[in-house]
Amino acid sequence: QVQLVESGGGLVQAGDSLRLSCISTGRTISPAAMGWFRQAPGKEREFVATIMLSTGVTSHADSVLGRFTISTDNGKKTVYLQMNTLKPEDTATYYCAAGARFSVYDRNYDYWGQGTQVTVSS
């Protein structure tokens, strides 16, 4: 069974920073891309950032551009989301995803983590 496990969420104040991490457990997978999505109560799941593992090319949602940065370790086994200048509207459950294509669409991702909660207070 493939499982992606996120960590690093928590309760912070506006303007603070967090770094989320995602590792794969169980069955080993070799995705082409890793991404981060988030979902707040009453809202649809939305794209946050993605990285193409073969090239390091990234894409970030306009809402987080300049504040959040997706990256991987040297072995491309772990994906991170560095979140700076957090805002209350960033409050959501953040999900790590792995897929066969570099994409901003969640339908192109095959494996998903359980999510980690990020809460930003004002």
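The model shown is predicted, which means the values in this text are computed figures rather than measured ones.

A. Up close: the overall build of the protein. Across its full length, the protein carries 0 helices and 11 strands. In the protein, the order of α-helices and β-strands from amino to carboxyl end is β-β-β-β-β-β-β-β-β-β-β. Taking the principal axes of its C-alpha atoms as reference, the protein extends roughly 40 × 30 × 25 Å. Relative to its 122 residues, the protein shows a buried fraction of 42%. Here the contacts in the protein between residues at least 6 apart in sequence split such that 55% fall between residues at least 24 apart. Summed over its atoms, the accessible surface of the protein is roughly 6,500 Å², and 46% of this surface lies on carbon and sulfur atoms. Within the protein, the 10 negative side-chain charges are centred at a point lying 6 Å from the centre of the 11 positive side-chain charges.

B. Spatial organisation of the side chain of Arg-38. Take Arg-38: it is sitting in strand S4 (residues 33-39). A polar side-chain atom of Arg-38 sits 2.6 Å from a polar atom in the side chain of Glu-46. In terms of polar contacts, Arg-38 uses its side chain to reach the side chain of Tyr-94, at 2.8 Å. Once residues within four sequence positions are removed from consideration, Arg-38 is found in contact with Glu-44, Arg-45, Glu-46, Val-48, Ser-63, Val-64, Phe-68, Glu-89, Asp-90, Ala-92, Thr-93 and Tyr-94.

C. Spatial organisation of the state of the cysteines. Evaluation of the coordinates by the stated rule reveals 1 disulfide. In this model Cys-22 forms its disulfide with Cys-96; the gap between the sulfur atoms is 2.0 Å. One quick way to see it: the torsion about the S-S bond of Cys-22 and Cys-96 is about -80°, and its sign makes the bridge left-handed. One end of the pair, Cys-22, is in strand S3 (residues 18-26); the other, Cys-96, is in strand S9 (residues 92-99), and 74 residues separate them in sequence.

D. Spotlight on the environment of Thr-69. Position of Thr-69 among the secondary structure elements: in strand S7 (residues 68-72). Judged by relative accessible area, which is 43%, Thr-69 ranks as partly exposed. Sequence separation of Thr-69 and Gln-82 is 13 residues, and the distance between their C-alpha atoms is 5.1 Å. Once you skip the residues sitting within four places of it in the chain, Thr-69 turns out to touch His-60, Tyr-80, Leu-81 and Gln-82.

E. Local environment of the packing of aromatic side chains. All chains considered together, the criterion is met by 4 aromatic pairs. Aromatic pair Phe-37 and Phe-47: ring centres 5.8 Å apart, planes at 70°, arrangement edge-to-face. Separated by 10 residues along the polypeptide, Phe-37 in strand S4 and Phe-47 in strand S5 (residues 46-52) bring together distant segments of the chain. Here the two residues Phe-37 and Phe-47 agree in accessibility, since each one is buried. When the ring of Phe-37 is compared with that of Trp-112, the centres are 5.2 Å apart and the planes differ by 55°; the resulting orientation is tilted. You can see Phe-37 sitting in strand S4 and its partner Trp-112 sitting in strand S10 (residues 109-112), a full 75 residues away along the chain. With relative accessibility at 1%, the residue Phe-37 sits in the buried group. Pairwise contacts between aromatic rings join Phe-37, Phe-47, Tyr-109 and Trp-112 into one cluster. Across the ring face of Trp-112, the terminal group of Arg-45 is positioned such that the distance to the ring centre comes to 4.0 Å.

Analysis parameters
- Residues numbered from 1 in each chain as written.
- Predicted model: local features only at pLDDT ≥ 70, side-chain atom pairs only at ≥ 80, totals over all residues.
- Heavy atoms only, no water.
- Helix = DSSP H or I, 4+ residues; strand = E, 2+ residues; numbered from the N terminus.
- Buried < 20%, exposed > 50% of the residue type's maximum accessible area, 1.4 Å probe, protein only.
- Contact = heavy atoms within 4.5 Å.
- Areas by Shrake-Rupley, 256 points an atom, 1.4 Å probe, with all protein chains shown as cover.
- Lys, Arg positive; Asp, Glu negative; His and termini not counted.
- Charge placed at Lys NZ, Arg CZ, Asp CG, Glu CD.
- Polar contact = N/O pair within 3.5 Å; in protein donor to acceptor, adjacent residues only side chain to side chain.
- Disulfide = S-S within 2.5 Å.
- Phe/Tyr/Trp six-rings, centres within 6.5 Å; stacked < 30°, edge-to-face > 60°.
- Lys NZ or Arg CZ within 6 Å of the ring centre and 35° of its normal.

Function-wise, these values are silent; they only describe arrangement.
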